[in-house]
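Here is how the chains run, residue by residue.
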Amino acid sequence: MPNRKFADGEVVMGRWPGSVLYYEVQVTSYDDDSHLYTVKYKDGTELALKESDIRSQSAFKQRKSQSSSSSPSRRSSSRSRSRSPGRPAKGRRRSSSQSREHKDDKKKTISETNLAPLVLKPSENNTRRYNGEPDSTEKNDTSCVISEQKLKPDLEIARVLEQYSLRPRKEEKKKEEIYSEKKTFETKKVIEKASLKTIEKAPSKTKELEFGGRIGTFTLIFFLPATVLYLLLMCKQDDPSLMNFPPPLPALESLWEARVFGVFLLWFFLQALFYLLPIGKVVEGLPLSNGRKLQYRINGFYAFVLTAAAIGTLLYFQFELHYLYDHFLQFAVSATAFSVVLSIYLYIRSLKAPEEELAPGGNSGYFVYDFFTGHELNPRIGSFDLKYFCELRPGLIGWVVINLAMLLAEMKIHNQSMPSLSMILVNSFQLLYVVDALWNEEAVLTTMDITHDGFGFMLAFGDLVWVPFVYSLQAFYLVGHPTAISWPVAAAITILNCTGYYIFRSANSQKNSFRRNPADPKLAYLKSIPTATGKGLLVTGWWGFVRHPNYLGDIIMALAWSLPCGFNHILPYFYIIYFICLLVHREARDEHHCKQKYGLAWERYCQRVPYRIFPYIY
C-alpha cells in the first residue's frame, strides 16, 4: 500500500494540466494503481493529477513569499546601499551640491527612458480559450501583467544606474540574468493562459465498468452474434411467433461458404478504396486529450454515389442481386467472422499504443472488457482511420444495398411487377436516414463513438454486422410475410417519419453548429450556460425542450419503419424495442459523462431542462 501525501478532503493547490498555474482544489480520492489523485476545483471540474502536481497551501504560500522577497528591485536597492568592493573604506566624499546634481542627472535619464509596460494581447481565438480554465484565472492574469509592469522599470533603472555604479560588471550581469529568467517565467504564464485549450482528463485506468463489467462483456461477445442468428432464422419461418422458439437450426456446414466470404471481403475493400480516393474536403476532429487534432476526409456521400453506380452497372448486366437474400444467413456469419478477426487485430495493436492514445472507457486493465469496448481510441494505418471508416461505410451503405436486394427478392418470389407499398416505405425511410448520415458526415466527428469510445468488438461487430443485418430486419421480414397497407395509412406513417426526421436533423444541426462556432450570428437566438471547459450547454431550441432531442427523433423514426410490417407479429418491432433500450443506456452514460465533465454547470442545466428524452414523461 503506497504512502499518500494528501488525504481525502484536504484543500491543496493543484497544477492545471498543461500549464504552470496552480489553483485551490480539494482532494476527493486516490487511485492506488495509477497513483493519481482525483481533485475537484471550485467550479466543480474534476481532474486526475500526479502527486508532483500538487502542493500544500502552506508550502505554496511560503514559496511565493520567498520569491517576492528576492525580487530584482529589492536586490537592486540593497546592493545600492552597500559599499562597492572596489571602493576604499575611507575616501573623499562628494559635496552636497555635487551629490544633488548627480541625483538630478539620474532622474532626468530615467524619465527619458521608455518605461512602457509589456502588455500581451492575445488574439481573438485565444481570448475565447480563456473559458477553458477555472474562473479564478482572471485574477492571475492581472497579477502576471502587474508583475511585468513592475519588473520592466526595475531593469531600466538598473541599466541607468550601471553607468554610475562602481560595482563589478559580473555582478550586474548576474542580476540581469536573474531578472531575465523571472521575466521569461512570468511572460510564459501569460502566453500559456492565452493559448490554453479545453483540456480533458488524461487517460487513466477505467474505474466504472459498463455493460455488466467483465462478466457482462464476456456474455455479450457470444450473445450478440446469437441474437442476430436467431432473428434471421425466425424471419425465415412461416410463423415467426415467439411461441415457436427455438427455430430449427441449420446444419453448421450450411452457415459457411467461401464464395460468400469472398464477396464480403470484396465489398469491404471496395469501400476502403472509395474512402482513400482524394475527393472531398479534409477537416479536423475535436481536440484529443493531448490537444492534437486528427484529420478526416469527408467523402462518404461520394462513396455512396460510386456504390450506386456500381450496383446499377451490375443490374444493367442482369446480375442477380437477390443472391444476397438467398445467402443472407451466410453473409451474416461471414461478417461476424471478419469482425472477430478485426477485433483481435485491434486489441493486439493497442497493446503497443501510447498511453494518451488509449480510450477513456476501454483502459480497465481487464482483457475481456477492453477487448469488447475497445482499448485504442483512434487506431490508424497511416492516414486510414479504421474506426471512422467502419462507422459509416461498409455497414451503413451495405444496409441500403441489402434493402434493395430484399425489394428485388420480393418482386421475384411473389411475381410482382412492382414492389409492395410497405416495402417501398421501408426502403424510402431508411434510404433517407442513410443519405442524411452520409451528407452530414462531418457531424459524426462530435459523437461519443468517435470522441470517447475505443474501437473494439462492440463497434466492429455493431458497424459490420448489427447495422446491416438487424437494421434491415423489416425489409427481410416483408419478403416472406407481405403486408398490404392502404394509402391513407401509408400517408400517416410518412408524416410520422418526417416528424421524427425533422426533430432528429434540426436538433443535431443545432448542436453541431453551436459546437463548431458558438459565435455564429445565425445562432444568436440560442441561449446557453457557460461551463469550465469553455463549451456552453444549450438551454433553448430543441436542447431546451429535452436533454436528448436527437434520441426522441430516432425513436419516432424507428416506429415509422416498423409500422408498415403490420401487427401480426412482434418480430419487426424488435428494432424499436432494442433501439429504446440502447438510447436509454446511452442517455444514462451521457448523463454520467456530462456530470463529470461539466460539474455544477450540468446540474444547473438539468434544473432548466428536467426531461431527458420524452417530454413530460422521461
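Here is what the cut-offs are and how they apply
Residues numbered from 1 in each chain as written. Predicted model: local features only at pLDDT ≥ 70, side-chain atom pairs only at ≥ 80, totals over all residues. Heavy atoms only, no water. UniProt positions renumbered as here; feature names shortened; annotations may be inferred. Helix = DSSP H or I, 4+ residues; strand = E, 2+ residues; numbered from the N terminus. Salt bridge = Lys/Arg side-chain N within 4 Å of Asp/Glu carboxyl O. Buried < 20%, exposed > 50% of the residue type's maximum accessible area, 1.4 Å probe, protein only. Pairing = 2+ DSSP bridges. Phe/Tyr/Trp six-rings, centres within 6.5 Å; stacked < 30°, edge-to-face > 60°. Lys NZ or Arg CZ within 6 Å of the ring centre and 35° of its normal.

*Asks:* Even after reading the chapter, I still don't get the UniProt feature "transmembrane region" (unreviewed entry) in the protein chain, so can you show me in this structure?
*Replies:* With numbering matched to this structure, UniProt assigns "transmembrane region" (unreviewed entry) to residues 215–234, 254–277, 298–317, 329–348, 459–479, 485–504, 525–546 and 566–585. End C-alpha atoms of residues 215–234 are separated by 28 Å, and the span's content is 100% helix alongside 0% strand. Here residues 254–277 is 79% helix and 0% strand, with 37 Å between the C-alpha atoms at its ends.

*Asks:* What should I look at first to understand the pattern of salt bridges in this one?
*Replies:* Pairs may arise between side chains of opposite charge once their charged atoms sit close together. Inspection of every chain in the model, using the stated rule, returns eight salt bridges. For the salt bridge of Asp53 with Arg15, the shortest nitrogen-to-oxygen distance reads 3.0 Å. Note that Asp53 is positioned in the loop between β4 (46–50) and β5 (54–55) and Arg15 in strand β1 (residues 11–15), a separation of 38 residues in sequence. Judged by relative accessible area, which is 22%, Arg15 ranks as partly exposed. The shortest N-O distance in the salt bridge between Arg292 and Glu357 comes to 3.9 Å. Placement of the pair is Arg292 in the loop between β6 (281–284) and β7 (295–298) and Glu357 in the loop between α11 (328–350) and α12 (367–373), with a sequence separation of 65 residues. Relative accessible area serves as the criterion here: at 39%, Arg292 is assigned to the partly exposed category.

*Asks:* Please explain the pairing of β4 as it appears in this structure.
*Replies:* Put simply, side chains in a regular strand alternate between the two faces of the sheet. One ladder, built from five bridges, connects strand β3 (residues 36–41) with β4; its direction is antiparallel. Bridged to Lys40 within β4 is Glu46. A loop of four residues connects β3 with β4, the two strands running antiparallel in sequence, and Gly44 in this loop sits at a positive phi of about 100°.

*Asks:* Can you walk me through the packing of aromatic side chains in this structure?
*Replies:* Given two aromatic rings, one states the distance between the centres and the angle between the planes to describe the pair. Considering all chains together, one arrives at 42 aromatic pairs under this definition. Taking 5.1 Å as the distance between ring centres and 55° as the angle between the ring planes, the aromatic pair formed by Trp466 and Tyr578 counts as tilted. Remark: Tyr578 occurs in helix α21 (residues 574–598) and Trp466 occurs in helix α17 (residues 457–470); sequence separation between them is 112 residues. Each of the two residues, Trp466 as well as Tyr578, counts as buried. Members of the aromatic cluster, connected to one another through ring pairs, are Phe264, Phe268, Phe269, Tyr275, Tyr296, Phe338, Phe384, Tyr388 and Phe389. The residue whose ring lies beneath Arg214 is Tyr366, and the NZ or CZ to ring-centre distance is 4.0 Å. Between Arg380 and the ring centre of Tyr296, over which it is positioned, the NZ or CZ distance is 4.9 Å.

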